[in-house]
Amino acid sequence: MDDRQVVLITGASSGIGRAIADLLSRQGYRVFGTSRRPAPDARFDFEMLELDVTSDESASRCVNAVLERAGRLDVLINNAGMSVSGAIEEIELDTARELFETNFFGAVRMVKAALPHMRAQGRGHIINISSALGQMGMPFEAYYSASKHALEAFSEALWHEVRPFNIRVSVVGPGFMRSNLRQAARRAAIRLPAYDAARRQIEAEFDRRVENGADPAIVARAVLRLLRSDAPPFRTPVGLEAVVVAVTRPVTPPGLFAKGVRWVMGLDDWRRDALRIAPAAGAGLALLALFARWRSRQG
Ligand SMILES: NC(=O)c1ccc[n+]([C@@H]2O[C@H](COP(=O)([O-])OP(=O)(O)OC[C@H]3O[C@@H](n4cnc5c(N)ncnc54)[C@H](OP(=O)(O)O)[C@@H]3O)[C@@H](O)[C@H]2O)c1
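Please read these numbers as outputs of a predicted model, since none were measured by experiment.

Asker: Sorry if this is basic, but what is going on with the pairing of strand β9 (residues 235-238) here?
Answerer: Remember that side chains alternate between the two faces of the sheet whenever the strand is regular. Of the two faces of β9, only the one carrying T236 and V238 is buried; R235 and P237 on the other face are not. Pairing analysis gives four bridges linking strand β7 (residues 167-174) to β9, with the strands arranged parallel. Opposite G173, over in β9, you have P237 as the bridge partner.

Now the structure itself:
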């Protein structure tokens, strides 16, 4: 009898999903990956199924195929995703809906299709691949950021609901990883000249950072650690940017955090800002030093 853990990973044809599928297969899991258009001649170390997460029918067909072939489903990893870049004003609502159909409702569909079986089994693990942008709003990536925030809130609620059935829920939030995400990204159809400079800057920054991003194998290793853990954490940031956001956001004044985002993404020039705030910062430090001296004389 095949006693390998059965894992279904959505969007395993490239990038992060492919890296997770490859690693888990090598580690002895029975892995099913998916693609909207599985190439008949492509070679994978795992079984490939057809899935479009924007379709209810496709989602339940995919889960049923896993159950027919493997007899059970232990782990569901919702990884399939897309990005849309452009200003909020420039992106048509239909495009924003399409993004949510993939990044948010796509995961919802898969969870709804998998849960009856996991509940019947009395065990399971659902891992949703979010993003560092599930914790912050990025300009010109508003709908993407919103879809990942929605996914995180959904996952948190799900964690509570399925806990009594011994089903675990985790969110993995990667920073920039090398993948096809930017090549596949939808760009705004309308281009308003008022946003040209900032949009170009952010798009170029994102393209460059994903192209030079970390190896998605680090996300795969984080997923493996979650699967092996007796008490997996709810949220795991992976990669430099995600860890920086997770650590700094809760303890940084919102104005300063926003400034940091603008500096890092090249929307504001930190040297010019530093010159502007230097006199005020210097005066503040001098006052602090005077106060400290006065206190030490009193004591
Ligand atoms: N790369 C990063 O820097 C980064 C950072 C944070 C989070 N993420 C997240 O990581 C996940 C994977 O993205 P990636 O960076 O690895 O990008 P990727 O290389 O473009 O992979 C996206 C995967 O999603 C699948 N997909 C897209 N639309 C789909 C749909 N409607 N139905 C089913 N599958 C669909 C694609 O498969 P087919 O085209 O073969 O169907 C592909 O396998 C996404 O959720 C993304 O938001 C990425």
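Now that the structure is up, let's keep going.
Asker: Any chance you could explain the nonpolar core here in plain terms?
Answerer: One recurring pattern in soluble globular proteins: nonpolar side chains tend to sit buried together. Ranked by size, the top nonpolar core spans 27 residues in total, and within it I20, L24 and I77 carry the most contacts. For this core, the secondary-structure elements that each account for two or more residues are β1 (6-9), α1 (15-26), β4 (75-78), β6 (124-129) and α7 (217-228). Per-element accounting of this core gives the leading share, seven residues, to α7. In this structure, I77 is in contact with V7, L8, I9, T10, I20, L24, I127, I129 and V223, ignoring residues within four places of it in sequence. Of all hydrophobic cores here, the second largest spans 25 residues; its members include M110, L115, M118 and I167.

Asker: Before we go on, may I ask you to explain the sheet that holds β1 in this structure?
Answerer: Strands belonging to one sheet form pairs held by backbone hydrogen bonds; the direction of such a pair is parallel or antiparallel. Taken together, seven strands build an open sheet; the order of strands is β3-β2-β1-β4-β6-β7-β9 and the sheet is parallel. Both outer strands of the open sheet, β3 (47-50) and β9, are each paired with one neighbouring strand and no more. Each strand of the sheet is rotated relative to its neighbour by a mean of 20°, with strand direction disregarded. With four bridges connecting them, strand β2 (residues 30-35) and β3 associate as parallel partners. Paired with G33 across the bridge in β3 is M48. Along the sheet, α1 contacts β1, β2, β4, β6 and β7; its crossing angle with β1, the most-contacted strand, is approximately 165°. Here helix α8 (residues 240-248) sits on the sheet in contact with β7 and β9, set at roughly 130° to β9.

Asker: What should I look at first to understand the side chain of E205 in this one?
Answerer: Here E205 lies in helix α6 (residues 196-211). For E205, the contacting residues outside a window of four places in its chain are V264 and M265.

Asker: Is there a simple way to think about the site of the ligand in this case?
Answerer: Near the ligand you find 29 residues, and of these S13, S35, R36, Y144 and S179 are the closest. In the environment of the ligand, an oxygen atom lies 2.7 Å from a nitrogen or oxygen atom belonging to the backbone of R36. D52 places a side-chain nitrogen or oxygen 3.1 Å from a nitrogen atom of the ligand. Protein coverage of the free-state accessible area of the ligand, which is 890 Å², stands at 93%. Elements with a contribution of two residues or more to the shell around the ligand: α1 and α5 (142-162). Partitioned by chemical class, the residues of the shell around the ligand number 12 nonpolar, 14 polar and three charged.

So, how was this worked out
- Residues numbered from 1 in each chain as written.
- Predicted model: local features only at pLDDT ≥ 70, side-chain atom pairs only at ≥ 80, totals over all residues.
- Heavy atoms only, no water.
- Buried < 20%, exposed > 50% of the residue type's maximum accessible area, 1.4 Å probe, protein only.
- Helix = DSSP H or I, 4+ residues; strand = E, 2+ residues; numbered from the N terminus.
- Pairing = 2+ DSSP bridges.
- Core = buried A, V, L, I, M, F, W, Y, C linked by side-chain atoms within 4.5 Å.
- Contact = heavy atoms within 4.5 Å.
- Axes fitted to C-alpha atoms, helices over the stretch in contact; angles between N-to-C directions.
- Near = heavy atom within 4 Å.
- Polar contact = N/O pair within 3.5 Å; in protein donor to acceptor, adjacent residues only side chain to side chain.
- Areas by Shrake-Rupley, 256 points an atom, 1.4 Å probe, with all protein chains shown as cover.
- Nonpolar A, V, L, I, M, F, W, Y, C, P; charged D, E, K, R; others polar.

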